[in-house]
Amino acid sequence: MQYSTLFLACAVLLLGTAAAATTTHTAHTHTHTTTKSTSTDAKSDNVLFVIPRECWAALTQLQLRPECVARTASNALSLGLVLFSLYYKVPQITKMVRERSAKSISPASVLMEVFAGLCAIAYYYYLDYDFMAYGEVVSGAVQSLIILSLCYAYREMGGSTALAYAGLVASGVVAVYLKLLPMRVVDTLLLASSFAYCLSRLLMVVSVVRARSSGSLSFLTLFFSLAGMLVRVFTTVVSLSEDRFLLLIMCVNTLFSATLFGAAIVYRPAEKRKAN
């Protein structure tokens with residue numbers, strides 16, 4: 001109950017600060033929209049998917065430029081991250097199908113993941129960023145939708161509940177695709193989803209510290225999540241460095257993810273000693 005109160009209080013605080021924050025940074029962000037769109041078009045013109053065409057010309061002349069190395073590495077990491085994301089939630093999906101059960105899976109939590117994904121997708125899509133800059137978010141949102149559908153199938157949710165979930169998701173997809181929301185609202189939603197993510201990490205850290213045990217947290221999942229965030233921070237610095245708002249949000253999310261991973265590592269030995 002106290003966690004619910006804390007979450008609601010922080011959410012209310014967020015909405016107030018987000019409105020003020022977006023008023024400050026929106027004008028700065030939109031000033032660079034044309035420049036970012038231009039750089040995105042150029043970035044999409046790659047050889048072998050990852051090597052920028054102008055860098056390919058230099059490479060054929062045996063010229064190795066530092067900026068070309070950074071951009072090629074960024075593109076390669078982005079491609080790898082997007083491809084890996086296709087498998088990220090497959091084990092969870094196959095387990096649910098094999099066991100024909102959605103036990104311990106919270107539909108509301110999955111719906112929140114879909115919401116956060118839509119917020120991020122909307123931001124990238126509105127600013128016409130290259131798909132490789134956020135492809136893993138799309139993949140994760142689609143897989144979350146599959147999990148949400150399986151929750152409906154195996155938990156025998158009421159028809160009205162399922163329709164409500166479907167309506168929320170469909171409305172979000174349509175609003176994003178048709179760009180019905182003002183950019184300021186998209187900025188605020190991105191900030192809100194980031195706050196919700198950081199709060200969830202913080203609550204998990206508190207739970208681990210209080211229990212002095214990492215519990216059932218998967219170290220592999222936490223590691224992959226943190227590694228993916230670090231990769232995306234690097235690719236954003238290289239390819240989308242002008243968008244400081246996006247970079248700041250990514251850095252903050254990564255910091256909270258690293259905090260949770262660190263807490264799980266710190267309390268892992270104690271957990272093993274208890275098991276022994």
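Residues numbered from 1 in each chain as written. Predicted model: local features only at pLDDT ≥ 70, side-chain atom pairs only at ≥ 80, totals over all residues. Heavy atoms only, no water.

(A) Structural view of unusual backbone geometry. Within the chain, Arg 100 stands out as a residue other than glycine whose phi angle is a positive 50 degrees. Checked against the element boundaries, Arg 100 lands in the loop between α5 (90-99) and α6 (107-126). The phi angle at Lys 179 is positive, at roughly 55 degrees, despite the residue not being glycine. Tracing the backbone shows Lys 179 in the loop between α8 (159-177) and α9 (183-211). (Helix = DSSP H or I, 4+ residues; strand = E, 2+ residues; numbered from the N terminus.)

(B) Region of the structure containing the layout of surface pockets. The volume enclosed by the second largest pocket comes to roughly 280 Å³. Lining the second largest pocket we find 16 residues, and of these Phe 115, Leu 118, Cys 119, Leu 168 and Gly 172 sit closest to its centre. Within the residue set of the lining of the second largest pocket, elements represented by two or more residues are α6 and α8. Of the residues forming the lining of the second largest pocket, the biggest block, eight residues, is contributed by α6. For the lining of the second largest pocket, the per-class residue count stands at 14 nonpolar, two polar and no charged. (1 Å grid on protein atoms, 1.4 Å probe; cavity = no way out; pocket = protein on both sides within 12 Å on 5 of 7 lines; lining within 4 Å. Points joined across faces, edges and corners; volume = space filled by probe spheres on them. Nonpolar A, V, L, I, M, F, W, Y, C, P; charged D, E, K, R; others polar.)

(C) Layout of helix α11 (residues 244-266). Here α11 spans 32 Å end to end across 23 residues, near enough to the 33 Å set by a 1.5 Å rise per residue. Among all positions of α11, only Phe 245, Leu 246, Leu 247, Ile 249, Met 250, Asn 253, Thr 254, Ser 257, Leu 260, Phe 261, Ala 263 and Ala 264 are buried. (Expected span 1.5 Å × (residues − 1). Buried < 20%, exposed > 50% of the residue type's maximum accessible area, 1.4 Å probe, protein only.)

(D) Looking closely at the side chain of Thr 235. Position of Thr 235 among the secondary structure elements: in helix α10 (residues 219-239). Among the polar contacts made by the side chain of Thr 235, one reaches the main-chain carbonyl oxygen of Arg 232 at a distance of 2.9 Å. The residues contacting Thr 235, other than those within four sequence positions of it, are Ser 74, Leu 77, Ser 78 and Leu 240. (Polar contact = N/O pair within 3.5 Å; in protein donor to acceptor, adjacent residues only side chain to side chain. Contact = heavy atoms within 4.5 Å.)

(E) Spatial organisation of the packing of α6 against α9. In the contact formed by α6 and α9, the axes pass within 9 Å of each other and the chain directions differ by 140 degrees. Taken together, the axes of α6 and α9 are oblique relative to one another. At the point where α6 passes α9, the crossing takes the left-handed sense. Along its contact with α6, which presents Phe 115, Ala 116, Cys 119, Ala 120, Ala 122, Tyr 123 and Tyr 126, the element α9 presents Met 183, Val 186, Asp 187, Leu 189, Leu 190 and Ser 193. Here the residues of the contact of α6 with α9 are counted per class, giving 11 nonpolar, one polar and one charged. (Axes fitted to C-alpha atoms, helices over the stretch in contact; angles between N-to-C directions. Parallel < 35°, antiparallel > 145°, perpendicular 65-115°, else oblique. Left-handed = near helix turned anticlockwise from the far one by under 90°.)

(F) Examining a nonpolar patch on the surface more closely. Together, Phe 84, Tyr 87, Tyr 88, Leu 220, Phe 223 and Phe 224 give the surface a local cluster of nonpolar side chains, amounting to about 590 Å² of exposed area. At three residues, the largest contribution of residues to the nonpolar patch is made by α10. Residue position: Leu 220 is located in helix α10. Relative accessible area serves as the criterion here: at 53%, Leu 220 is assigned to the exposed category. (Patch = residues over 30% accessible without salt bridge, like charges linked within 9 Å, V, L, I, M, F, W, Y side chains within 5 Å. Areas by Shrake-Rupley, 256 points an atom, 1.4 Å probe, with all protein chains shown as cover. Salt bridge = Lys/Arg side-chain N within 4 Å of Asp/Glu carboxyl O.)

(G) Structural context of the packing of aromatic side chains. This model, assessed by the stated rule, comprises nine aromatic pairs. Relative to Tyr 129, the ring of Tyr 124 has its centre 5.9 Å away and its plane inclined at 65 degrees; by these criteria the two rings are edge-to-face. Classification of Tyr 124 by relative accessible area gives buried; the value is 4%. The buried category is assigned to Tyr 129, whose relative accessible area is 5%. Relative to Tyr 134, the ring of Phe 131 has its centre 5.6 Å away and its plane inclined at 65 degrees; by these criteria the two rings are edge-to-face. Residue Phe 131 is classed as partly exposed on the basis of its relative accessible area of 42%. Every member of this aromatic cluster is reached through a ring pair, and the members are Tyr 123, Tyr 124, Tyr 129, Phe 131, Tyr 134 and Phe 245. Above the face of the Tyr 125 ring, Lys 179 is positioned so that its terminal group lies 5.0 Å from the ring centre. (Phe/Tyr/Trp six-rings, centres within 6.5 Å; stacked < 30°, edge-to-face > 60°. Lys NZ or Arg CZ within 6 Å of the ring centre and 35° of its normal.)

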